[in-house]
Amino acid sequence: TSAAEREAAIEFAKAGAIRPSIVGSALQKISQDPEVANVVFEILETQKVIEGKAKIVYATDSADFAIHYFKDETTCFNAAKRGVIEHKGFINSHISTKVFEYLESKGIPTHHVRILNEREVLVKKVAMFPLEVIIRNVTAGSLCRTFRLEEGQRLPCPILEYCYKDDSMNDP
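Note that the structure is a prediction, hence the values are computed from the model and not measured. (Residues numbered from 1 in each chain as written. Predicted model: local features only at pLDDT ≥ 70, side-chain atom pairs only at ≥ 80, totals over all residues. Heavy atoms only, no water.)

Peer 1: Hey, could you go over the overall build of the chain for me, with residue numbers and the actual values?
Peer 2: On a plain count of helices and strands, the chain comes out with five helices and nine strands. The order of helices and strands in the chain, counted from the N terminus, is α-α-α-β-β-β-β-β-α-β-β-β-α-β. Looking at the chain as a whole, 31% of its 172 residues qualify as buried. In the chain, the proportion of contacts linking residues at least 24 apart, taken out of those at least 6 apart, comes to 45%. (Helix = DSSP H or I, 4+ residues; strand = E, 2+ residues; numbered from the N terminus. Buried < 20%, exposed > 50% of the residue type's maximum accessible area, 1.4 Å probe, protein only. Contact = heavy atoms within 4.5 Å.)

Peer 1: Please set out the pattern of salt bridges residue by residue, giving values where relevant.
Peer 2: Within this structure, the stated rule accounts for five salt bridges. Its salt-bridge partner being E73, residue K71 comes within 3.8 Å of it at the nearest N-O pair. Overall, the relative accessible area of 6% leaves K71 in the buried class. E161 is paired through a salt bridge with R136; the nearest N and O atoms lie 2.2 Å apart. Of this pair, E161 sits in strand β9 (residues 154–164) while R136 sits in strand β8 (residues 131–138); the two residues are 25 residues apart in sequence, bridging distant segments of the chain. In this pair, the class of E161 matches that of R136, namely buried. (Salt bridge = Lys/Arg side-chain N within 4 Å of Asp/Glu carboxyl O.)

Peer 1: Lay out the side chain of R136 in plain terms, naming residues and giving numbers.
Peer 2: A residue is classified by how much of its surface remains accessible, and R136, at 9% relative accessible area, is buried. Side-chain polar atoms of R136 contact the side chain of S142, separated by 3.1 Å. (Polar contact = N/O pair within 3.5 Å; in protein donor to acceptor, adjacent residues only side chain to side chain.)

Just distances and angles here, no functional claims.
And the structure:
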């Protein structure tokens, strides 16, 4: 990487133009340069508002908006067991967008503004309502413990669960 490319990448990052979904492509050429990569990731970290099991919330230049970045990570047993499902973030960002667009079409206001790219959604800043929505296609975790089912069985149809979101209570 030339000095000019390094400086341009650092300025690009400082301007807030790099977020996780474009880090891969933007850094692909310069990732061999640890100094540039460290600057970019330090900037990303300072823009991060909060990170959960499925999403990262990033600040924007506006006091009214944030960006939700949907991760490929998956967890069970209250995040004691972790893994990665390729394209999960892509799928979840698009499902979320469809759900919020449907709610808005029925006159129910949401925080959703628009999808930005395959993993990021622009949202209005709001206070979080601590509700966890779980869609199960395979038996796992609390479903197995509660109903004494064997883990890993494919369900005949999806099960939709709503839970109070409180990790200190070992929620699903």
